[in-house]
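# Structural features, examined
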Amino acid sequence: MTEMLQPHEPAASYLARPDEVRRVCLLYSGGLDTSVMLKWIQDQYDAEVVALTIDLGQPGEDYDVVRGKALQLGAVDARVVDAREEFCRDFVVPAIKANAVYGLGYPLFTALGRPLIAKIAVDVARETGCDTIAHGCTGKGNDQVRIDGTVATLAPELKVIAPVRDWKMGRDEEIAYAREHGIPVKGGTEAAPYSIDDNLWGRSSEGKWIEELGHAPEDDVFQLVTRPEEAPDEAEVVTIGFEEGVPVAFNGERLGIVELLERAAEAGIRHGVGIVDHIEDRIVGLKVRDIYEVPAASILLTAHAELERLVGTIHQNRFKRSLEEQWAYLVYAGLWWEPLREDLDAFMESVNRRVTGTIGVKLFKGSARVVTRESPHAVYDAQLATFSESGGLFSQQASPGFIELWTLQSRLAWRLHNAPGPGAE
Ligand code: ARG
């Protein structure tokens with residue numbers, strides 16, 4: 001543990017040398033890792049610690065308790081920042097406009113939260129005279145990339161330490177250290193619990209049996225969403241109203257974005273909506289399995305994508321998909337501050353100017369299915385869409401001519417490739 005503290009050249013320019021750490025802003029969750037860190041940083045660096053806890057709407061958190069624990073462990077200051085509004089407005093809403101999903105179903109809640117958490121840490125570090133930001137990320141995940149990357153980008157004068165990445169303590173050693181230093185340990189010494197991360201946009205669980213690919217989910221992992229098997233036998237239809245791509249109404253009631261997300265989550269939770277069992281390509285090379293519970297995202301992304309497709313032309317809809325893919329990848333990959341993301345956002349904004357209307361979604365035992373659609377900008381003409389009629393902008397007599405030209409190149413190529421020639425077998 002102590003050998004790493006000999007002053008040495010850090011592996012990257014933004015990392016702190018042990019001898020330059022005086023006052024540290026610690027991203028503090030109140031859990032075991034960051035509580036051990038809070039003490040350990042004071043001891044090992046002889047530094048002061050400002051504890052910072054950020055509320056992104058993680059359910060069931062008692063921030064007074066977390067704050068009190070930080071002060072009790074010797075923090076010179078302990079702050080709780082409610083960033084729910086900013087998170088929704090500046091991170092989740094752009095993700096909705098980009099229909100942002102990574103891989104086969106990860107709506108990026110953690111990836112969206114980390115740049116904001118790190119940005120707030122930069123603000124608080126500057127305000128409280130800290131030279132260093134500390135976080136509890138391991139060296140195997142994406143979160144270290146998102147946090148270190150944000151600090152290095154926004155605040156080149158600040159340094160980073162990530163003790164969990166460096167120290168050689170396993171869970172048992174951490175518990176022993178905690179006991180020794182009077183750090184309360186919840187739940188004693190039994191096997192490690194799931195590793196959880198959550199906010200308003202979703203929740204992830206990792207570890208335990210989740211690491212065995214052949215192991216089907218055990219019920220106790222679902223701490224947020226009702227198991228679909230236990231969801232009500234009655235379906236429920238909820239409506240989401242959008243204005244220019246932003247969700248503004250839930251079941252006809254106008255709501256602020258934070259409350260709207262909470263209401264959508266509650267409905268999804270009731271009906272077992274938003275369970276995703278996901279294998280993910282991390283940017284640090286690993287493939288890792290996560291169990292996600294994303295009730296709000298499942299409903300709102302489904303509704304938004306549906307409305308957007310209704311108001312866009314076939315060309316707009318097809319093109320946007322490829323940019324959405326880019327957007328989601330950049331954000332997943334910890335490059336929130338990359339200017340390409342802003343370029344992409346400008347495009348997303350432009351498309352979303354038309355995304356106004358209301359979508360009805362039926363929730364039933366784990367599924368969220370669109371059942372009604374309504375928009376003043378729908379590129380839809382009920383009369384044209386009926387099967388038998390000709391008239392107005394559509395002439396059925398014109399269709400055969402269209403087919404002749406539309407298939408012309410394909411037919412020519414087919415003939416060429418399939419012609420029985422002299423050398424043909
Ligand atoms: N695999 C997801 C991601 O990389 C979720 C990570 C959850 N983070 C955590 N510290 N448990 O974004």
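An account of the accompanying structure is given in this report. Going along each chain's sequence as written, the residues are numbered from 1 onward. Residues qualify for local features only when their pLDDT is at least 70, as the model is predicted, and side-chain atom pairs are given and counted only at 80 or more; totals for whole chains, interfaces and linings, by contrast, use all residues. The side-chain figures draw on all heavy atoms in the structure; neither hydrogens nor water molecules are used.

This paragraph deals with the environment of Ile-120. Along the chain, Ile-120 falls in helix 4 (residues 109-127). Residues Ile-120 and Ala-83, 37 residues apart in the sequence, show an inter-C-alpha distance of 8.7 Å. Whether two residues are in contact is decided by their heavy atoms, any of which lying within 4.5 Å being enough. Every residue in contact with Ile-120, bar those within four places of it in the chain, is listed here: Leu-52, Ile-54, Val-81 and Ala-83. The secondary structure listing takes helices from DSSP runs of H or I that are at least 4 residues long and strands from runs of E that are at least 2 residues long, numbered from the N terminus.

Residues in contact with the ligand amount to 14 residues; listed here are only the nearest, Tyr-106, Asn-142, Asp-143, Arg-146 and Glu-280. Nitrogen and oxygen atoms within 3.5 Å of one another constitute a polar contact, given that in protein one can donate a hydrogen and the other can accept it, and given that sequence-neighbouring residues count only through two side-chain atoms. A distance of 2.6 Å separates an oxygen atom of the ligand from a polar atom in the side chain of Asn-142. A distance of 3.1 Å separates a nitrogen atom of the ligand from a polar atom in the side chain of Tyr-292. A 1.4 Å probe and the Shrake-Rupley method give the accessible areas. Residues count as covered only by the protein chains that appear here. Protein chains shield 88% of the accessible area of the ligand, which is 350 Å² for the free molecule. Here the residues of the shell around the ligand sort into three nonpolar, four polar and seven charged. Note on definitions. A residue lies near a molecule or strand when any single heavy atom of the residue is within 4 Å of it. Polar here means any residue outside two lists: the nonpolar Ala, Val, Leu, Ile, Met, Phe, Trp, Tyr, Cys and Pro, and the charged Asp, Glu, Lys and Arg; Gly therefore counts as polar.

All right, on to the pattern of salt bridges then. By convention in these notes, a salt bridge is any Lys or Arg side-chain nitrogen within 4 Å of a carboxyl oxygen on Asp or Glu. The full count for this structure, using the stated rule, is 33 salt bridges. Here Arg-263 makes a salt bridge to Glu-253, at a shortest N to O gap of 3.1 Å. Of this pair, Arg-263 sits in helix 8 (residues 257-270) while Glu-253 sits in strand 10 (residues 253-254), and the two are ten residues apart along the sequence. Where salt bridges share partners, they join Asp-55, Asp-82, Arg-84 and Glu-262 into one cluster.

All right, on to helix 7 (residues 171-180) then. Categorising residues by exposure relies on relative accessible area from a 1.4 Å probe, with only protein chains included: less than 20% of the type maximum marks a residue as buried, more than 50% marks it as exposed, and the intermediate range marks it as partly exposed. Every buried residue of helix 7 is listed here: Glu-174, Ile-175, Tyr-177 and Ala-178. What you see down the axis of helix 7 is that its buried residues fit within an arc of 160°, all on one side. Seen from the open side of helix 7, the exposed residues pointing more than 90 degrees away from its buried face are Asp-172 and Glu-180. Summarising the contacts, the buried residues of helix 7 are in contact with helix 1 (32-45). Backbone geometry just downstream of helix 7 places Gly-182 in the positive-phi region, at approximately 65°. Comment: arc refers to directions from the helix axis out to C-beta atoms.

We define the nonpolar core as a collection of buried residues of types Ala, Val, Leu, Ile, Met, Phe, Trp, Tyr and Cys that are connected through side-chain atoms lying within 4.5 Å of one another. Leu-108, Leu-112, Ile-133, Trp-201 and Trp-327 are the most contacted members of the largest nonpolar core, which has 79 residues in total. The element that contributes the greatest number of residues to this core is helix 4, accounting for eleven residues. When sequence neighbours within four positions are dropped, the list of residues in contact with Ile-133 reads Val-24, Cys-25, Leu-27, Ala-121, Val-122, Ala-125, Val-151, Leu-158, Lys-159, Val-160 and Ile-161.

This brings us to the packing of aromatic side chains. Two rings belonging to Phe, Tyr or Trp (six-membered ring only in the last case) form a pair when the distance between their centres is within 6.5 Å. Interplanar angles under 30 degrees mark stacking, angles over 60 mark edge-to-face geometry, and anything in between is tilted. Summed over the entire model, instances satisfying the criterion amount to 13 aromatic pairs. Aromatic side chains Trp-327 and Trp-336 sit 6.0 Å apart centroid to centroid with 85° between the ring planes, which places their arrangement in the edge-to-face category. The exposure class assigned to Trp-327 is buried, which follows from its relative accessible area of 0%. Lysine NZ or arginine CZ positioned within 6 Å of the ring centre and within 35 degrees of the ring normal marks a charge as sitting over the ring. In this structure, Lys-208 packs its charged tip against the face of Tyr-194, placed 4.2 Å from the ring centre. The cationic tip of Arg-341 hangs over the ring face of Trp-336; the distance from NZ or CZ to the ring centre is 3.7 Å.

Strand order in the open sheet formed by five strands is 3-2-1-4-5, with parallel pairing between adjacent strands. A single partner strand is all that each edge strand has here, and the edge strands are strand 3 (77-82) and strand 5 (159-161). Strand-to-strand, the axes of this sheet are offset by a mean angle of 25°, without reference to chain direction. Two elements, strand 2 (residues 48-55) and strand 3, share six bridges in a ladder whose sense is parallel. Residue pairing for strand 3: Ala-51 is matched across the bridge by Ala-78. The strands that helix 2 (residues 63-72) touches are strand 2 and strand 3; relative to strand 3, the one it contacts most, it runs at about 155°. For two strands to count as paired, DSSP must find a minimum of two bridges between them. Axes, fitted as lines to C-alpha atoms, cover a helix only where it is in contact. Angles between the N-to-C directions of the axes lie from 0 to 180 degrees.

Following both chains from N to C, one finds helix 3 (residues 84-97) and helix 9 (residues 295-311) inclined at 45°, their axes separated by 9 Å at the closest point. Comparing the axis directions of helix 3 and helix 9 gives the class oblique. From helix 3, Ala-95, Ile-96 and Lys-97 reach across to helix 9, where they touch Leu-301, His-304 and Glu-308. A breakdown of the residues in the contact of helix 3 with helix 9 according to their chemical character gives three nonpolar, one polar and two charged. Should an angle fall under 35 degrees it is called roughly parallel, over 145 degrees roughly antiparallel, and 65 to 115 degrees roughly perpendicular, with every other angle called oblique.

Even without being a glycine, Asp-46 presents a positive backbone phi close to 55°. Here Asp-46 is to be found in the loop between helix 1 and strand 2. A relative accessible area of 70% means that Asp-46 is categorised as exposed. Unlike most non-glycine residues, Leu-108 shows phi in positive territory, near 75°. For Leu-108, the position within the fold is in the loop between helix 3 and helix 4.

Attention now goes to the sheet that holds strand 8 (residues 236-243). Within the open sheet, the five strands sit side by side as 10-9-8-13-14. Their pairing is antiparallel. The sheet terminates laterally at strand 10 and strand 14 (367-374), the two strands that pair on one side only. Summarising the sheet, strand 9 (residues 246-250) and strand 10 pair through two bridges and their orientation is antiparallel. Following the sheet pairing, Phe-250 is matched in strand 10 by Glu-253.

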